[in-house]
Amino acid sequence: MLNIKFKTSLRCSFCSAKKKELIKVFIFDSDLVCNNCIIKILYIYKIYINFKNAKNTQQLIVTPKNIKYYLDKYIIGQEEAKQIVSVSIYNHYKRLILSENKIEVNKANILLIGNTGTGKTLFAKSLARFLNLPLAIVDATSLTEAGYVGDDVENILTKLLQKANFDLNLAEKGIIFIDEIDKISKKSIHNTSITRDVSGEGVQQALLKILEGSYVNISTQFGRKHPENPMVSINTKDILFLSGGTFAGLDEIVYNRLNVSKIGFNKKRKDNKKELFDSLKSEDLINFGFIPEFLGRWPIICQLQNFTEKEYKEILLSTKNSILKQYKNLLKLDKIDFSITKKAIELIIKKAMKLNIGARGLHYICEKIFNKYTFSFEWFKKKQIKLTKKAIQKII
């Protein structure tokens, strides 16, 4: 039986919360656990037990609305994309239950298309925090066909296995997010060359069997396959794949298909990208550089919209990990109080929108502003920063 004692002036080993912020602190040998962390641990354990017994009960705690509610805390806007991803993740859980009962349901891999800074990678990171399944985030730009310099395609499965703490059964139920998927388009579409396209079409060909579902022999260590490295066989049938990319130039391909000629009164160019991508067809992605077999492995194609001025403001102030909250906490460690005026917020948003790089523009502008203050904080007399429009104009 555990020896549980009560202490009055300590911090929690998990969340570092002080005693005055807690109701109780429990002592487990040398570790301190507050009551809030215990509740979280019990909730995670409850999800695990429910998932383990789901094949008998046919019931799940995770629902599409619960997933979307969690995504809403971190991702502003993108309502359609959040609904699609939430339903796909929920169906993935159900597929795992049905597969235990020997009922096969085809998986629906998701392809996210959106400009830089619209939240593609944030989707994966937010899901990784929420899900009770291993999730690996990989970059497609470093992948090459087997036998050439670069990462082998099988390395993405090795990373998933490591995220699952080398539990093969758990890894075979995991999720992989492939970022910058547009960078493996066929180079011959844009540039004719006599050399083999090992980082474009070659990678697409190598990914086919992994995406569809098959047994793949992988090394338990990153790098090239070596006879001395231990190998394991992993079944990718139940692994869900998400991918994201900016697809620069895809709008022009769609435009050229819809507008055969620029001459005439009836040939109006669609400047609204939402309208443009509503007309997106598989032939446009093939013209972009995807081979038909590879494109067929992504039955769900979802577009992420550019942010409005209102959404920029919510990203800056309202999300759980908003940019200003992050800087406020950083300054708090230096015992500096931070405040900002409404006009200063409006100026930051306008400057960020002009950069045309989405939410990353806000981070770029804020980093430029706070770098100056952080460097010289030791000379502040009042230990207080109030950001005004005039103060920001002097910096940027």
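See the structure shown above.
It should be emphasised that the depicted structure is a prediction, and the values quoted were computed from it without experimental measurement.

Peer 1: Whenever I open this one, the sheet that holds strand β4 (residues 135–139) confuses me. Can you help?
Peer 2: Hydrogen bonds along the backbone pair up the strands of a sheet, which may run parallel or antiparallel. Taken in spatial order, the five strands make up an open sheet running β4-β5-β8-β3-β9, and their pairing is parallel. Pairing within the sheet leaves two strands with one partner each, and these edge strands are β4 and β9 (300–303). Taken over all neighbouring pairs, the strand axes of this sheet differ in orientation by 20 degrees on average, direction set aside. The sheet strands contacting helix α6 (residues 155–163) are β4, β5 (175–179) and β8 (240–245), and the helix crosses β4 at an angle near 150 degrees.

Peer 1: Help me out: how do you make sense of the packing of aromatic side chains in this one?
Peer 2: We describe a pair of aromatic rings using the distance from one ring centre to the other and the angle between the two ring planes. Summed over all chains, the structure comprises 10 aromatic pairs. Seen in terms of ring centroids, tyrosine 70 and phenylalanine 130 are 5.0 Å apart; in terms of plane orientation they differ by 40 degrees. Their pairing is tilted. Of this pair, tyrosine 70 sits in helix α3 (residues 64–74) while phenylalanine 130 sits in helix α5 (residues 120–130), and the two are 60 residues apart along the sequence. Through a chain of ring-to-ring contacts, the aromatic side chains of Phe247, Phe288, Phe290, Phe294 and Trp298 assemble into a single cluster.

Peer 1: Would you explain the packing of helix α15 (residues 342–355) against helix α16 (residues 359–375) in this entry?
Peer 2: Think of two packed helices as two axes; the pair is described by the angle between the axes and how far apart they sit. At a minimum axis separation of 8 Å, α15 and α16 run at an interaxial angle of 125 degrees. In terms of orientation, α15 lies oblique with respect to α16. Seen from above, α15 lies across α16 with right-handed handedness. Where α15 abuts α16, its residues Ile348, Ile349, Lys351, Ala352 and Leu355 lie against Gly361, Leu362, Tyr364, Ile365, Cys366 and Ile369. Of the residues belonging to the contact of α15 with α16, the class tally is nine nonpolar, one polar and one charged.

About the cut-offs
Residues numbered from 1 in each chain as written. Predicted model: local features only at pLDDT ≥ 70, side-chain atom pairs only at ≥ 80, totals over all residues. Heavy atoms only, no water. Pairing = 2+ DSSP bridges. Helix = DSSP H or I, 4+ residues; strand = E, 2+ residues; numbered from the N terminus. Axes fitted to C-alpha atoms, helices over the stretch in contact; angles between N-to-C directions. Contact = heavy atoms within 4.5 Å. Phe/Tyr/Trp six-rings, centres within 6.5 Å; stacked < 30°, edge-to-face > 60°. Parallel < 35°, antiparallel > 145°, perpendicular 65-115°, else oblique. Left-handed = near helix turned anticlockwise from the far one by under 90°. Nonpolar A, V, L, I, M, F, W, Y, C, P; charged D, E, K, R; others polar.

Any functional reading would require information beyond the geometric quantities listed.
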